[in-house]
Amino acid sequence: MPALTIDKARKEFPSGEQTIVAVDDVDLSVDDGEFLVLEGPSGSGKTTLLTLAGALATPTSGSIRLGDVELGDLEGNERSAVRRDRIGFVFQSVNLIPFLSATENLLAVRQLGGGRVDRDARDRAEQLLEELGLGGRGDNVPDELSGGQRQRVAIGRALMNDPDLLLVDEPTSALDSELGRQVVELLRDEVDRRGVAAIMVTHDERVTDLGDRIVKMVDGALVES
Amino acid sequence: MSIAIRELRRRFGQFLPVLVAMTLLVVLLVVLGAFLDGLSRSQTGVLRAQGDRVLVLSDDADLAPSRSRLPDGTVEALAQVDGVEEVGRLSTVATTASVDGDVQDVVLVGYDLATDTLPEPPTSGEAVVDAKLADLVDVEEGDTLAVGPDARELTVTTFVGDVSAGSPTIWVAADDWLELADTVNPTERATTQAAVVSGDATPDELAGTGDGLAAATVDDVIAADDVVTQQSSTFQGIIGVTFVVTLLVVALFFVLLTIERVRLYAVLKAIGARTRDLVAGLAAQAVAVAALAVVLGIGLGIGLTLLVPPDLPLVIVPARLAVLAVATVVVAVLGALGTLRRILRIDPADAIG
């Protein structure tokens, strides 16, 4: 069973008297351990597709399944739980919690939903930061880290709950080309090591070769490369 | 919730404006409460000194002892009622007292029964004196007061506290009071105003002793006092408005904070936070800020009341402080929860893009 199955997913937004079709009957599946690159011009619907896959929005029609869970059937708190426990997000603007240290940013994922931070959670956070090359920076708050380091903390946060699906939005947009490639290589390694399915939205053609498969999106529809 | 508390600790400066505002409001509440209790106590000392006894008055007095005139024989009749242990007379009249030429308004009280507050009535020519009088004039035990228009001399035997009735009180034996009251108001024969009764007899049983009598507990008589009621309702109103202002200040602060945090909350929702997690965090911050404001405000408020002149009737009552503290925290939480609708509207999808 694929980690993610999108079946005829459609997302429409009202705009005055018109309706904008952001995602147009998209079919897509991503397997465990597969690193899929989603590219396309601005406004093509990539981000909207990512929000649908990440249970951040519901499709107007069609089906989105994470493993055997139909995301459209979930209520508010169930969706929160799926996002917390089964999906990891790496945001374009990093979006770390500014007043928490790197370690605490990872542990925050465990605390959401009433979870407890135990010894195992601390060990996992330290191990993830070590793997991401941030072994000595766990006590630093985001303002004390470079852009690349912050992005790596964000990757650690996304992996903290051992997700089934990793959703990455423009991870290189705020980084120079060398650092951007390093970050995506790191993501690629983590996907391989953990066997997690991943979708990375990017404009950056210099890193698309690191994906297992590249899918283009134009005007809300997918065009397989 | 621990994330919210960490934010409070690490970004304390962000919460400083609301902490300062709430602390000042708590100071105001403490001072208003002290005035409310001080004014009430300064008016009702004579009644409160009677403890849990029942007062019997003339029915036409509407539970106002100063307007009451007991029919002759009432005290003796009350003593015959089943369950009555002790009956004593209690009467007051406003007059003046001078010490070394320093004239003060006083209330002259006649009484028969000792209480937890009052000693046995002094002998003729002696008086038990309100300690408040000693705050206003230079008088000590053994000194002589000149009381009333005839400047009747009374020797101070002892001082008692918290027995004022608008003015400081001078307590004499009930028989002496009748004699002194006649000099204060020569046109009207002095009459015992109230009887103070202890024992198991109910107010209804006591009121039924004779025609034209009413009986009530001390608390009920105090509650029927127009002056006390008006003062109390005025201050309760001001205190209520202060709580409303506190609610608005907290609500406004947390609304602004929530507007500033829309992006952060969207991210937290995106990575799995439930709305109730975010609201609980805000409530925890509100409780922590309110608790700190209560501690600081009560400390400053008490300090302020110690600085005011002693003739201002300010009294700090611990029970009042406890109510103010709990109410302030509750109001702060309600104010913080005013952001619930905004938090509900935050779309986690805004974290992407």
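Residues numbered from 1 in each chain as written. Chains lettered and ligands numbered in written order. Predicted model: local features only at pLDDT ≥ 70, side-chain atom pairs only at ≥ 80, totals over all residues. Heavy atoms only, no water.

### Brief notes about the pattern of salt bridges
Next, step 1: Within this structure, the stated rule accounts for 30 salt bridges over all chains.
Next, step 2: Between Glu190 of chain A and Arg194 of chain A there is a salt bridge whose closest N-O contact spans 2.6 Å. Pair noted here: Glu190 of chain A and Arg194 of chain A are both in helix α6 (residues 177-194), with a separation of four residues, about one helical turn.
Next, step 3: The exposure class of Glu190 of chain A is buried, given its relative accessible area of 1%.
Next, step 4: The class of Arg194 of chain A is partly exposed, set by a relative accessible area of 24%.
Next, step 5: For the salt bridge of Arg41 of chain B with Asp162 of chain B, the shortest nitrogen-to-oxygen distance reads 3.1 Å. With Arg41 of chain B in helix α2 (residues 12-48) and Asp162 of chain B in the loop between β6 (152-160) and β7 (169-173), the pair connects residues that are 121 residues apart, well separated along the chain.
Next, step 6: For Arg41 of chain B, a relative accessible area of 30% translates into the label partly exposed.
Next, step 7: Connected through shared salt-bridge partners, Arg10, Glu12, Asp24 and Asp25 of chain A make up one network. (Salt bridge = Lys/Arg side-chain N within 4 Å of Asp/Glu carboxyl O. Helix = DSSP H or I, 4+ residues; strand = E, 2+ residues; numbered from the N terminus. Buried < 20%, exposed > 50% of the residue type's maximum accessible area, 1.4 Å probe, protein only.)

### Thoughts on the sheet that holds strand β1 (residues 4-15) of chain A
Residues and elements named next belong to chain A.
Next, step 1: Sheet architecture is open: four strands sit in the order β2-β1-β4-β5, paired in antiparallel fashion. Here the strands that pair on one side only, and so sit at the sheet edges, are β2 (18-30) and β5 (69-70).
Next, step 2: The pairing of β1 with strand β4 (residues 61-66) spans five bridges and is antiparallel. Counted as the bridge partner of Asp7 is Ser63 from β4.
Next, step 3: Its contacts with the sheet place helix α1 (residues 46-53) against β1, β2 and β4, and it is angled at close to 60° to β2. (Pairing = 2+ DSSP bridges. Contact = heavy atoms within 4.5 Å. Axes fitted to C-alpha atoms, helices over the stretch in contact; angles between N-to-C directions.)

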